[in-house]
Every structure is written in structure tokens, then in C-alpha cells.
Amino acid sequence: MLEILSLVAIGLALYTLNASRNSAQKIGDEVMRLKREVEALKAGGVVVPAETAAAGVAAADDVAPDETPEVASEPVQPEFKGPWVGGQGEAEKGRSIFGGATSSEPEEALAARAADEDTVAGAPVAAAMKPKESFESRIGARWAVWVGGIALALGGIFMVKYSIEAGLLSPAVRLSLAAIFGLVLMAIGEFVRRRTQPLIANAFQNAMIPGVLTAAGAITLFAVTYVSYEFYGYVGPVAAFVLLAAVSFATIGLSLLHGQALAGLGLLASMLTPALVSTEEPSAWSLFGFLSVAWLATFAASRIRHWQVVPALANAGMALWAVLYLSAADKVEVLPVLVALLVLAVGHGLIWPGNIAEEDVPVPTGAASAGPLDRLFTPPAVAVSLTGALALVFPALLLASAVPALPRADYAFAILVMALAVLGALRFWAIYPAVLSAVGAVAGVVAIAGVPNGVLIDGLGSLALPALDGVIPAPPIADGTLPVPVLGPVPVNLLLVLAVAYAAVALAGVRLRIAGSSAFAALWSLLAPAVPFAILAVSFFNFGNLSFDLKHGLLAVLLGLVFFAAAEAFSRERTQEGGLFIPQWALAAGGFAFLVLALHALTDGLVTTLGLMVLGTAAVFATRLRAWPVLPWLMAGAAAVVAGRIAWEPTVVGAANLSKTPVFNQLLAGYGIPALLLALCAFELRRWADERIRNLMQALASLFVLLTAAILVRHGMNGGVLDSSVPTLGEQATYTLLVIGASAIMMSLDLKSPSPVFRYGSMVVGALSVLSVLSAHFIGLNPYFTGELLGKWPVLDLLLVGYLLPGVAYGGLAWYARNRRPLPYVIMLALTGVALVFAWVTLCVRRYWHGEGIADWKGFLQPETYTYSVVWLLLGVLLLVVGSKVDSKSIRLASAGLVLIAVIKVFLIDMANLEGILRALSFIGLGAVLIGIGLFYQKILSGKSGTDEKAELNAEA
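Note that the structure is a prediction, hence the values are computed from the model and not measured.

**A word on the nonpolar core**
So, step 1. Counting 154 residues, the largest nonpolar core has Leu399, Phe413, Tyr502, Trp524, Leu678 and Met697 as the members making the most contacts within it.
So, step 2. The element contributing the most residues to this core is helix H18 (residues 492-513), with 12 residues.
So, step 3. In contact with leucine 399, other than residues within four places in its own chain, are Leu326, Val334, Leu406, Ala409, Ala412, Phe413 and Leu416.
So, step 4. The next biggest cluster of nonpolar side chains, apart from the first, holds 40 residues, and it includes Met747, Leu790, Leu836 and Leu879.

**Topic: the confidence of the model for the protein**
So, step 1. Of all residues in the protein, 67% attain a pLDDT of 70 or more, and the chain-wide mean is 75.
So, step 2. The least confident element of the protein, judged by mean pLDDT, is helix H3 (residues 90-97) at 37; the most confident is helix H22 (residues 606-621) at 96.
So, step 3. Note that residues 133-141 has pLDDT below 50 and, in this model, 10 contacts with residues that lie over four places away or in other chains.
So, step 4. Counting contacts from residues 357-370, a segment whose pLDDT is below 50, to residues more than four positions away or on other chains yields 17 contacts.

**Things to note about a nonpolar patch on the surface**
So, step 1. Residues Val173, Leu177, Ile180, Val184 and Ile188 make up a contiguous nonpolar surface patch of about 390 Å² in total accessible area.
So, step 2. For isoleucine 188, the position within the fold is in helix H6 (residues 171-195).

**A short note on unusual backbone geometry**
So, step 1. Even without a glycine there, the phi angle at valine 795 is positive, about 70 degrees.
So, step 2. With respect to the element layout, valine 795 can be found in the loop between helix H28 (783-786) and helix H29 (798-817).
So, step 3. A positive phi angle, close to 65 degrees, is found at asparagine 819, a residue other than glycine.
So, step 4. Mapped onto the fold, asparagine 819 is located in the loop between H29 and helix H30 (823-850).

**Considering the packing of aromatic side chains**
Each aromatic ring pair is characterised by the separation of its centres together with the angle its planes make.
So, step 1. Using the criterion set out here, one finds 14 aromatic pairs in the structure.
So, step 2. The interplanar angle of 85 degrees and the centroid separation of 5.6 Å between the aromatic rings of phenylalanine 533 and phenylalanine 594 together place this pair among those described as edge-to-face. With a gap of 61 residues between them, phenylalanine 533 in helix H19 (residues 518-543) and phenylalanine 594 in helix H21 (residues 582-602) connect regions that are remote in the sequence.
So, step 3. Summarising the aromatic geometry, the rings of phenylalanine 778 and tyrosine 803 are spaced 6.5 Å apart at their centres and angled 70 degrees between planes, so their arrangement reads as edge-to-face.

**Points about the pattern of salt bridges**
So, step 1. Throughout the structure, instances matching the rule amount to nine salt bridges.
So, step 2. Across the pair arginine 626 and glutamate 568 runs a salt bridge, and its minimum N-O distance is 3.0 Å. Separated by 58 residues along the polypeptide, arginine 626 in the loop between H22 and helix H23 (630-648) and glutamate 568 in helix H20 (residues 550-573) bring together distant segments of the chain.
So, step 3. Judged by relative accessible area, glutamate 568 falls into the buried class, the value being 18%.

Scoring rules and cut-offs
Position numbers for residues count from 1 along each chain, tracking the sequence in the order it is written. Only residues with pLDDT of at least 70 get local features here, since the model is predicted, and only at 80 or more are side-chain atom pairs given and counted; chain-wide, interface and lining totals rely on the full set of residues. Working from all heavy atoms in the structure, the side-chain values ignore hydrogens and water. What makes a nonpolar core is a set of buried Ala, Val, Leu, Ile, Met, Phe, Trp, Tyr and Cys residues whose side-chain atoms join them at distances within 4.5 Å. For every residue, the accessible area (1.4 Å probe, protein chains only) is compared with the maximum for its type, and the residue is labelled buried under 20%, exposed over 50%, or partly exposed between those bounds. The secondary structure listing takes helices from DSSP runs of H or I that are at least 4 residues long and strands from runs of E that are at least 2 residues long, numbered from the N terminus. It only takes one pair of heavy atoms within 4.5 Å for two residues to be counted as in contact. One number per residue, pLDDT, summarises how confident the predictor is, and it ranges from 0 to 100. Patch definition: residues with relative accessible area over 30% and no salt bridge; like charges joined within 9 Å; nonpolar side chains (Val, Leu, Ile, Met, Phe, Trp, Tyr) joined within 5 Å. Each accessible area value is a Shrake-Rupley result obtained with a 1.4 Å probe; residue values ignore everything except the protein chains displayed when judging cover. A pairing counts as a salt bridge when a side-chain nitrogen of Lys or Arg comes within 4 Å of a carboxyl oxygen of Asp or Glu. Under the pairing criterion, centres of Phe, Tyr and Trp rings, with the six-membered ring standing for Trp, must be within 6.5 Å; the plane angle then separates stacked pairs below 30 degrees from edge-to-face pairs above 60, leaving the rest tilted.

Dropping the structure here:
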């Protein structure tokens, strides 16, 4: 019975609003007819006096001629009076709609009539000049009205309170008198409205006395109805609900006459009505049916008067009720909530702002035109679009968190997300629904994947308010937690359908906006592949078969081809060449991403890795057919995915499946083929206009070549096993030799075909290898500290591989880099080579005296100490000879350093530790070597001096 009476009251309210709107439409048609007649007269050359034209328009609106406002010499834009005012002449427009005795014209009619009078009569016409309001006017004419209205409402309440305390009248009589008082206030408000001059209404429309009186009367009637039901029981729940709803809808209807503030009061009353009237058997259909009608009535009034704040509040109220119901109800019915929210979504597209033209969107203050970024901050976007989108997103996410425990929650979530997406695609102003549809879709799918056991979020039941017990029954709570519901199936198929549907809507959005708004088209081109890809990826990695999933794989292939086709179609339609074309980039990259996901779904292991690189190579070679800037970058994306796979699983195929055969195993293909394909792509792009991608391809190819060599060395030197153990000195030495060779190769490539990648890459690789030598060869893996055995064969042992060969390699690299690389870099390489040779000689001496184990715990022998001095001096002399032979100053300086070390050792160590003949021989040998070095230097310097003198004599001659 309650539902039937509610629907009857709702129907009556809607009928009243519709009749009012029809009356307004008739008046507007009459005004437009008169304007067309004036235009026809003007076209025929008939001059109509201004007074006649004005009188004709005024007669249509039932406005006296003397009520026309004074005009100035130049037109000015109507002043925006704030969000609670419906525009210029708000009260007057309301009177013309409802057939009042006195009225002024709407803004559009005023502007049209002014233009007609200016053209016909040839006299200048201007808008009304509004004087600056004084403080006295603000106090006396505005604040006094609002305070007076509050006083009237309180007076009625206090009168009822006094009569109760004094026992003068029965409750029924008191309530009747209060109701009569409220009706009288509303009647007086209408009487004052009809008698008020338009000038007063225009000047003080923020403090209209009729509106204040009407609001006081509405509050009184609402309070009387509630007290009669709640405290005295004179009316039942059904009658109380109907009466409260009638007062609410009547207040919303009267707001068309009295302004947006009264509409806000009616909205508040309608949103409170279900909470104030409770029944033993609450119905979700009755609740959300009534809320939907109240929301529609508010939006209809807002559409007529172009309000911004009240519809935003209506969105917030609907969202609050939906969230409270979904989180606090004992038995949730999803369908009523879904229908109500769909009404909200459809209403945003059809009721307000409806089919408003793009050029009619208000422009922010100071903006020259309503550009895409400007429209983000216009009242329709912020006040209505944003709040409406949030009103759909929050319940949708709450429904997603309840999947699969709550029946049909998954379908409701998907429908709400798609409703937002459709609204964002169809309406140019709906930027926030577009963005929030993407956020809601991805976050909701993540929530579904994050609660596979179907457990609802704990603690939401605490949101239920005591006053809502009869409207939304609170769930039974034990120990502060909600009961675990029965589990349901995971909605994988629905997620896949959601991905396809969102892709279709987003591509339609690109199609609709690409001609008129490049910014919105770019936004939708980014959302079109990103959101479906996120949905499909979450579904596959959480619910799919990671080894082989035909369903996810085929859908990914289909979507990938669709997005590539869309990129081709939009690129063909592009009329302006040059610049960044975001739809092409976004759609092509999205299509490639779907194909990458398809490879992961349909293949596994080595096949997936190679397939990714083949896919990237195909994109590079596709530049021969389409010169899209995005295509080469797809290969870079494929290489990044392969690098991520290698970091996750270095064996590529799994440790159990990896062959132990050195070199010729799965690692050679998994690392080597990507390196080869990257080098091939770098060669293919050698004439590509974008130098950045060419350099990147060269760098990636070099990196993968190094990775291939390093991983094969690791595999071969660890018995076919890849683990996290610390490498040996031999393995590290192999890495060092590989890096030195890579630096030399990149230097050669740079000399043949200059490239910043090879030029700077060769030096970076060389510098990194030097740091590796200092940390690993001399400290971390030094056999003197680790105790690692050197092998049974002298000379041909671990020291040869770990020190002599890298030292010679650094020397050769330094010689090759002379006059080709900066001098500090060359000196660094040469000194590193000398240091490694010095370490080899020194450790060979220790091996001679201690065998293959040269650990530091064995100490030093006296002959061993003497041998160090001899060997260091001989090495210094050898380096001096080599440096002089090749004319290398860095080698000669290294020789001097070794000799200096030997001198320090003799005087500080040998003198203290050697005895007898060894001490004497040490000093004798040191002296002889130093004298020989001195003679050698004298000969070199004198030879250079003589050469210089001969050159000078030849020059003089």
C-alpha cells in the first residue's frame, strides 16, 4: 500500500512540473513568433517604431511598457550573481512561466528584443546598468529578509511549544493551526511575489521576500507532518510518507518561482523523507523509486533554470543513499540500486545540461573562448559532471568489492562503469565521467581480483544510523564483523565482456571528438586501449591459465588487431600533417600491448621471449609501409618486456628445463637471438629521422650482446647451473675480458660509423670495468684474502687468467684509445693495466714461496720479502723501457711509481726485517738500479734535447 501511494504522490508532482514546463514552452514559442515577424518586416524594408516592437514583445509576456528597465549607451554582459541565482531576471522568468500578473522577459528574449530595436529604429540600445550595492542596502534589504524568515519559522515553532506547555489547546488543534500558519505564509509569499515590482526583484533576487516566506511555510508544513506521525500517531507511515513527499515536491516546484535556494530546501526534504518514515517491511524498490523521482524533479527544475549547485547536491544525496544501503542493509537487492543510478546517468545526458551546444557552455572569467581545458572548470563540468560521476563510481566500487558474494553485484558494477563511459563519450562536457569511468573500471576489477574468496569488507555495517533502522535494517553483527556470505563463481566472462564494451565505447568517443576537439579525442585514445588492457591483464594473471589460455589469448589478439586498424583509420582521416598525433601513438601502442599479452597467454618460456622480439622486429620493418613514429618504439617496448622476463627468470625456460651443455643451450637462443634482432633493427633504422630511437636500438643491442656473453660464461663455469652464488676469480676475470672487448668493439664501430651510443658507451663500459677490477680483482676475489687455490701448474694458473691477461688487455685498450679518446680516460686504462700486471708479479712471487695456496694467514718469509724488492725493481725497469719504446708517458710514470714503491719498501720493511747478507744485497741492488735508471733518463733526455737543437738549426737554415 505504501508503494502505491508513494507512486501516486510522485506522479502528481511530476505532472505539476511537466505542466509548468509546457506553459513555459508555449510562452517561449509566442515570443519567438513575434521575433520572426519583426525579422520579416525588417527584411521587407518596413521600418517599425521601437515603441511598437517593444509593445508587441511586452504584450506576449504580459509586461507593461513602463516596466522596461532603463538602458545605458553600451551593452554589457549580464553579471553572474553566484551559484544560488538562476540568472538575470530569475523571478520574472518564473512568473511568466506560471502566468503571473507582472513579469519581465527571459535573458534570451531581452537580448533578441534589444537587437531588434537597435536594427529597426536605428537607436543605440544597451543593457541595464546595475549600481554598486551599499552596505546599508545589504543590511536592510538582504540580511533582514533572511533573518525575518528564520524568525517567522521559529515563531511558529515557539507558538506551538507554548501552547503545549500551557495546555491551552489539544495536540490536534495545535497541529492544525501550525499547518494553517504554514499555508498562510506560502499564500502571503505568492501574494507578495505577484505585487513586487520587477526592479526590486532584479536588485534583490538573492533576498527575495516571497521566497523566504514560502520557505518558512514549507518548513512549517514539513515539521507539522512529521510531528503528527512520529509523536502523536495521528497519521500512519503511508500517509506521513505521502504528505512529506508532497511538501517536498511542492517546494521543488515553487523553486521555479523563487530561486535555487528553495529548490535546495525541497531536495533536502525529499532526501530526509525516507529516513524519517520507517516501516516494518522496508522496500528497496519504494526507497530508490522515490529517490529517483525526487532526483528527476530536482534536475528538471535545474534544467529549466540552468542551476548548477542543486543538481550537484542531488547527486550527492543519491550517492549517499546508495552507499548506505549497500553497506548497511541486511539483505541487499542490487537491481533497485542499479535502476536508480542508471536514472541518474541517463538524466545527466538527457535532462541537464541535456543537448546544450558546445558554444553555449559558460566560459570561466578571463578566458577568451571555451577551450577544452577551460571547460574542465566551467559550472556544468565541476558542479554536475564531477559529482554525478562520483555518485556512480562509489557504489560501483562497493559492488565490486562484494563480488562474488553478492548476487548480480558484478553485473551491476559493469553496467555502472559502462554507463559512465557512454556518458563521457557522448557528451563533450563529460570529461569527469570519462576519466572516472576508467578509474572505476580498473579499480573495480582489481577489487574483484583482490577478494577471490568473496568476503565483504569488514566494518561497513557500522555506517548504519539508528534513525534508519526502519528504512535500511542493519545486518546482524557478532564480535564486530560481518558474516561470511556464500561464495559464487568468479565472473571471468563478464570481465572480458567489460573489456570489449569499454574498448568499443572509447573508440566511439575518439570518432565523435576527433574532428571537433583534439584534446578530448586524445584523452579517449589513451583510455581506449589502457582500460581494456588493464582489465584483461588482471583477469588473465589472476584467473587464467598462465601456461596456455585460449580465451584470454584470442581476445587479446582480436583487440590488438582492432586497435591497429583504428590507428590506421584515424591516421588516414588526419588532415593536418606534422606534430604529435596522440591517437596514432596511443592506439598503435595499445594494439601492440594486446599482442604482447596474447603471446603470454598462448605461449610459454623461450617461445614467448623470442615471439616478443619477433613482434618488435616486425613493427620496425613495418616502417617501410607506414612511416609512423611510434613503430620503432614498439621494439624498444618489446626489449623492455624481455629484459623484465630475464630479470624475473634468468634461465628463460626454468632451472629444471635448462640444458647443461656449455654455450649451445637455451640461453644462447634466449639471449643471443634478441641481441641479433636488436642489431638488425638498429641497422634497419640507420636512415630513420628520429636519432633517439636509432641510438636506443644500438645501446640495447650492445647490452644484450654483453648479457649473452656473460650468461653463457656463468652457465659454463658453474656446471650448467645459474644461481646466486658469488663468482670465482676466474669467472670474474672472464667478465672483465668480455667488457674490455666490448669497449674495444664499440670504439671500432664509432670510428667506422660515428654514434654517440658507441662513443660514450665505450668509455662508460671501460670505466665500469675499472671499478669492477678495483672491487673484485684486488679485494673481493683476491686469492690472498679468499684463500682460493691457484692450481697445480705454475704460471698457467688462476693468476694468469685473473691478473696478467686483463692487465695486458687494458694495456692494449689504452694503446688503441690513444688519440681517439680523452687523455684522462687513456691514462686510467693504462694505469689499470699496470696495476694488474704488478699484482700478477707480486702474487707469483708469493706462489713461488708458498705453493698454490697463498692465503694471508701463512705470513712472510725473509727470502720472499727480498724477492719482492728485486721483482718490483725489475718490473719498474721493464716498464721504463716499454714506455720509452712506445713513447708513452703514462707507462713511464707507472714505472716511476713502482720504483718509488720499491724504495719505500727497502728503507721501511727490508731494513727492519732482513738480516745479514739479504739486507746488504737489498740496498746494493736498489742503489745499482737507481743509478742505472738515472743514466737511462739522462740518455733519453739528452737525445731529445739534441733532436730539438737539430730541429732548431734546420729551421734557422
